[in-house]
Amino acid sequence: MERALSILRGLGSCPATPFFEGLPAQYVTEALARSGVDYQRDEFGNIVARVAATAQSSGPPIAFVAHMDHPGFEVVEVVGTGAVARAMGGVPAASLVKPVPVFVLAQDGTRISGVTEPHEDMTDPNDRMSDRLVRIQLDNSIDSEPPLPVVFDLADFELEGDTIRMRAVDDLAGCAAILCLLERVDREGPAADVYGVFTRAEEGGLFGARLMAEAGTLPKETVIVSVESSAVIPGVEQGAGPVIRTGDALTTFDMDAERLLAAAVASIRGRNPEFKVQRQLMSGGVCEATAFLMDGYSVTGVAFPLGNYHNATTTIPDPEGGVAEEYIQLSDYLGGMELLAEAATIGVERDGTTSRIGVVADDVRERLRN
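Since the model is a prediction, treat every value here as computed from it, not as a measurement.

Calculation notes
Residues numbered from 1 in each chain as written. Predicted model: local features only at pLDDT ≥ 70, side-chain atom pairs only at ≥ 80, totals over all residues. Heavy atoms only, no water. Salt bridge = Lys/Arg side-chain N within 4 Å of Asp/Glu carboxyl O. Helix = DSSP H or I, 4+ residues; strand = E, 2+ residues; numbered from the N terminus. Buried < 20%, exposed > 50% of the residue type's maximum accessible area, 1.4 Å probe, protein only. Phe/Tyr/Trp six-rings, centres within 6.5 Å; stacked < 30°, edge-to-face > 60°. Lys NZ or Arg CZ within 6 Å of the ring centre and 35° of its normal. Pairing = 2+ DSSP bridges. Axes fitted to C-alpha atoms, helices over the stretch in contact; angles between N-to-C directions. Parallel < 35°, antiparallel > 145°, perpendicular 65-115°, else oblique. Contact = heavy atoms within 4.5 Å. Nonpolar A, V, L, I, M, F, W, Y, C, P; charged D, E, K, R; others polar.

Asks: Describe the pattern of salt bridges, naming the residues involved and giving the relevant values.
Replies: The full count for this structure, using the stated rule, is 14 salt bridges. In this structure, R167 and D156 form a salt bridge, with 2.6 Å as the shortest nitrogen-oxygen distance. With R167 in the loop between strand 11 (163-166) and helix 4 (169-188) and D156 in the loop between strand 9 (148-152) and strand 10 (158-160), this residue pair connects regions lying eleven residues apart in the sequence. Residue D156 is classed as partly exposed on the basis of its relative accessible area of 22%. The salt bridge involving E188 is made with R184; its shortest N-O contact spans 3.4 Å. Highlighted residues: E188 and R184, both in helix 4, separated by four residues, approximately one helical turn. Take E188: its relative accessible area is 48%, and that puts it in the partly exposed class. Judged by relative accessible area, R184 falls into the partly exposed class, the value being 26%. Via salt bridges that share partners, R111, D156 and R167 belong to a single interconnected network.

Below, the structure is given as structure tokens:
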């Protein structure tokens, strides 16, 4: 648990927005280098780590995928101690029409504090097809040239009881879980080749994952496991365990891939019958499994139930809402990591569904025939 929290705390201090993932990318690559896990960057800046099977592989490769960015803004113009910024990703509508504390991340890593205020050309804060602009009144002038990332001035990381609060749980919790997973399977040896994939510009439109899937960077037989933090919806509870994700707002996922997670749950419950897990189609957003699904990969997902999704205290489209830290439950986070590590250790169960529901007994066959 201490290692898991240490990694998540470290990533929390690495603010990022779409296209500006330099800080979390540096943290990830340095962590991989320290643990001795091989990695490479593709031409789009996605990070792909790999732990090879210690013996002959018992199944297809498995790739655990998370993204390094989070919704925020991009400075497009600087005037003295003021700036104009464009929304990047699904920021709360309230942040476009209300004063919200933010900071600009300068190229040297300096955080320049400021407050947003409405832009006169901003018409509909929920129109994702238009330039959603804000003005920012800054405490100090900016020496760096735009574009520059802007994020909400919220806590990097806080732990209170069983609750983890961060500016960007989505998807730094996924990145942290995958880093922990890679360290573990590198020590213990996976059943099949295991990849850890850290993508860019997911919040802008799954861009890093889409380009990676299109390029076929991972072998086509790879089972993709999207690791996300996804908004709590009816039927999902915080504290009731990680969610096996059967789909997202656009697509449903793959039964063959989900067998991997079902087998992992069964294996864990053989040791711990009280292990908590949920299963749900998480329709609150779209995740990277969909990007890989569109290019023919077999996909499934695990999600940490998330409060204040995209920092909105009510809903993203609500202009009357507020902006605050996202939060998950520590128990869900740790349970999710155990689930992922177990899945990497045992590999894909080829006949998982048949073994779970059994065969039709002969007496039933005869009764139906008769």
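So, next bit.
Asks: So what's going on with the packing of aromatic side chains? Residues and values would help.
Replies: A full pass over the atoms with the stated rule returns four aromatic pairs. Look at F292 and Y297: their rings are 5.4 Å apart centre to centre, the planes differ by 85°, and that puts the pair in the edge-to-face class. Between F304 and Y333, the aromatic rings sit 5.6 Å apart at their centres with planes inclined by 65°, giving edge-to-face as the arrangement. Of the two residues, F304 sits in strand 16 (residues 298-306) while Y333 sits in helix 9 (residues 330-346), which places them 29 residues apart along the sequence. Summarising the burial analysis for this pair, F304 and Y333 share the class buried. We note R165 situated over the ring of Y327; from NZ or CZ to the ring centre the distance is 4.8 Å.

Asks: Can you explain the sheet that holds strand 17 (residues 326-329)? Please cite residues and give values.
Replies: Spatial strand order, 10-11-17: three strands in an open sheet with antiparallel pairing. Single-partner strands in this sheet number two, and they are strand 10 and strand 17. Strand-to-strand, the axes of this sheet are offset by a mean angle of 25°, without reference to chain direction. The sheet contact formed by strand 11 and strand 17 spans four bridges and is antiparallel. Paired with M166 across the two strands is E326, which belongs to strand 17.

Asks: Let's hear about the packing of helix 1 (residues 2-12) against helix 2 (residues 22-35): which residues, and what values?
Replies: Relative to each other, helix 1 and helix 2 sit at 150°, their axes nearing to 9 Å. On the basis of the axis angle, helix 1 is roughly antiparallel to helix 2. Counting all contacts with helix 1, which are made through S6, I7, G10 and L11, the residues of helix 2 involved are P24, Y27 and V28. Of the residues contributing to the contact of helix 1 with helix 2, the split by class is five nonpolar, two polar and no charged.

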